[in-house]
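One-letter residues, chain by chain:
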Amino acid sequence: MSRNTVLQLIAAVITIAILIVLHKGLDWFFNLMGVGFAMGFICGGLAVFLVWYLADREENSRAAGGIPSAEEQRTRHSIDL
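Residues numbered from 1 in each chain as written. Predicted model: local features only at pLDDT ≥ 70, side-chain atom pairs only at ≥ 80, totals over all residues. Heavy atoms only, no water.

Colleague: Sorry if this is basic, but what is going on with the overall build of the protein chain here?
Modeller: Assigned secondary structure in the protein chain consists of three helices and zero strands. Listing the helices and strands of the protein chain from first to last along the sequence gives α-α-α. Taken over 81 residues, the protein chain has a buried fraction of 1%. (Helix = DSSP H or I, 4+ residues; strand = E, 2+ residues; numbered from the N terminus. Buried < 20%, exposed > 50% of the residue type's maximum accessible area, 1.4 Å probe, protein only.)

Colleague: What exactly am I supposed to notice about a nonpolar patch on the surface here?
Modeller: Taken together, Met 1, Val 6, Leu 7, Leu 9, Ile 10, Ile 14 and Ile 18 make up a surface patch of nonpolar side chains, about 700 Å² in accessible area. Take Ile 10: it is sitting in helix H1 (residues 3–33). (Patch = residues over 30% accessible without salt bridge, like charges linked within 9 Å, V, L, I, M, F, W, Y side chains within 5 Å. Areas by Shrake-Rupley, 256 points an atom, 1.4 Å probe, with all protein chains shown as cover. Salt bridge = Lys/Arg side-chain N within 4 Å of Asp/Glu carboxyl O.)

Colleague: Quick question: what am I supposed to make of the confidence of the model for the protein chain here?
Modeller: In low-pLDDT regions, the fine details of the predicted coordinates are not to be read closely. On average, residues of the protein chain score 78 in pLDDT, and 67% of them are at 70 or above. Within the protein chain, the lowest mean pLDDT, 60, falls on helix H3 (residues 70–80), and the highest, 89, falls on H1. (pLDDT = per-residue confidence, 0-100.)

Colleague: Looking at this structure, I do not really get the packing of aromatic side chains. What am I missing?
Modeller: Here the distance between the centres and the angle between the planes together describe a pair of aromatic rings. Applying the stated rule across the entire model yields two aromatic pairs. With 5.6 Å between their ring centres and 45° between their planes, Phe 49 and Trp 52 make a pair best called tilted. Taken as a pair, Phe 49 and Trp 52 lie in helix H2 (residues 36–64) at a separation of three residues, close to a single helical turn. Since its relative accessible area comes to 47%, Phe 49 is described here as partly exposed. Judged by its relative accessible area of 53%, Trp 52 is exposed. Judged by centre distance (6.5 Å) and plane angle (20°), the ring pair of Phe 49 and Tyr 53 falls under stacked. (Phe/Tyr/Trp six-rings, centres within 6.5 Å; stacked < 30°, edge-to-face > 60°.)

Next up, the structure:
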């Protein structure tokens, strides 16, 4: 097996282990809270909305200004010539 294949397998095993621990931990937490499915659904929806909001905000901040791309710079330089 190549080095990349071994690294990918290790990364997959670590990812699965993290997901199992997260699943067990969240299951324990929600059972402790006694709220069950509804709370999980609300928390999941909130997490998805939060990720969507943060990604959208980051995209808008890039579009609003900052460093222009290399293609824009070339276009501006050719217009100046």
